[in-house]
Amino acid sequence: MDGITDKSEEYLFVDNEKFGQELFVRREIAGKDCLEIAQEFGMEETEYLELENGKGKVTTELIQKAAKIYKTDPLRLISSVPGAVFKEIENATILNASNFIHFRE
C-alpha cells in the first residue's frame, strides 16, 4: 500500500438528488427562476432542470460554479446533512402548501 490508497469501501460521492434539492432550495430562496439561473450557469434551462431533478452530471466545475452563484462554500452544496442551507439563513419565511413556516436554528 502506498500510504495514500484507502482499502475501505466507503468513498466520498455526490448524491445527485440531494445536490439537485440543494440547488432548488437555494434558487427559491434567491427568488430566481430556472431560466435565470441556467443562464448564470451557462447552460440551457432544460439542462439545469435535469440537475435540480437529480438527473444531470455533477462535476467539480459545476459545484464550484454553483458555490460562486450562491455565495457559499462548495462543501455545503454537496453536504448530506439535511437542511444545511437553513443554518445560513435566519428568520427566513418559505411558502409551503399555502402556509408560512419560519425556520430558526
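Rules behind the numbers
Residues numbered from 1 in each chain as written. Predicted model: local features only at pLDDT ≥ 70, side-chain atom pairs only at ≥ 80, totals over all residues. Heavy atoms only, no water. Helix = DSSP H or I, 4+ residues; strand = E, 2+ residues; numbered from the N terminus. Contact = heavy atoms within 4.5 Å. Areas by Shrake-Rupley, 256 points an atom, 1.4 Å probe, with all protein chains shown as cover. Buried < 20%, exposed > 50% of the residue type's maximum accessible area, 1.4 Å probe, protein only. Polar contact = N/O pair within 3.5 Å; in protein donor to acceptor, adjacent residues only side chain to side chain. Salt bridge = Lys/Arg side-chain N within 4 Å of Asp/Glu carboxyl O. pLDDT = per-residue confidence, 0-100. Core = buried A, V, L, I, M, F, W, Y, C linked by side-chain atoms within 4.5 Å.

### Topic: the overall build of the chain
Here's step 1: The number of helices and strands found in the chain is five helices and two strands.
Here's step 2: The long-range share in the chain, meaning contacts at least 24 apart out of those at least 6 apart in sequence, stands at 48%.
Here's step 3: For the chain, the exposed surface amounts to about 7,800 Å²; the carbon and sulfur share of it is 50%.

### Focus: the side chain of Arg27
Here's step 1: Of note, Arg27 is situated in helix α1 (residues 16-30).
Here's step 2: The buried category is assigned to Arg27, whose relative accessible area is 6%.
Here's step 3: Separated by 3.3 Å, the side chains of Arg27 and Glu28 make a polar contact.
Here's step 4: Contact partners of Arg27, with chain neighbours within four places excluded, come to Lys32, Asp33, Cys34, Ile37, Tyr48, Glu52 and Tyr70.

### Section: the pattern of salt bridges
Here's step 1: Taken as a whole, this structure holds four salt bridges when the rule is applied.
Here's step 2: Residues Arg26 and Glu22 are paired through a salt bridge, measuring 3.0 Å at the closest nitrogen-oxygen approach. Taken together, the positions of Arg26 and Glu22, both in helix α1 and four residues apart, correspond to about one turn of that helix.
Here's step 3: Linked by salt bridges that have partners in common, Arg27, Glu28 and Glu52 make up one network.

### Topic: the confidence of the model for the chain
Here's step 1: For the chain, mean pLDDT is 76; residues scoring 70 or higher make up 63% of the total.
Here's step 2: In this model residues 95-101 is a low-confidence stretch, pLDDT under 50, and it forms eight contacts with partners more than four residues away in sequence or in other chains.

### Some words on the nonpolar core
Here's step 1: One finds Phe19, Leu23, Phe41, Met43, Tyr48 and Leu62 to be the most contacted residues of the largest nonpolar core, which totals 17 residues.
Here's step 2: Residue contributions to this core peak at five residues, all from helix α4 (residues 60-69).

### Considerations on the environment of Gly56
Here's step 1: Looking at the secondary structure, you find Gly56 in the loop between α3 (45-52) and α4.
Here's step 2: According to the relative accessible area criterion, Gly56 is buried, its value standing at 9%.
Here's step 3: When the C-alpha positions of Gly56 and Gly20 are compared, they lie 8.6 Å apart, and in sequence the two are 36 residues distant.
Here's step 4: Each residue touching Gly56, except ones within four places of it in the same chain, is listed here: Asn16, Glu50 and Leu51.

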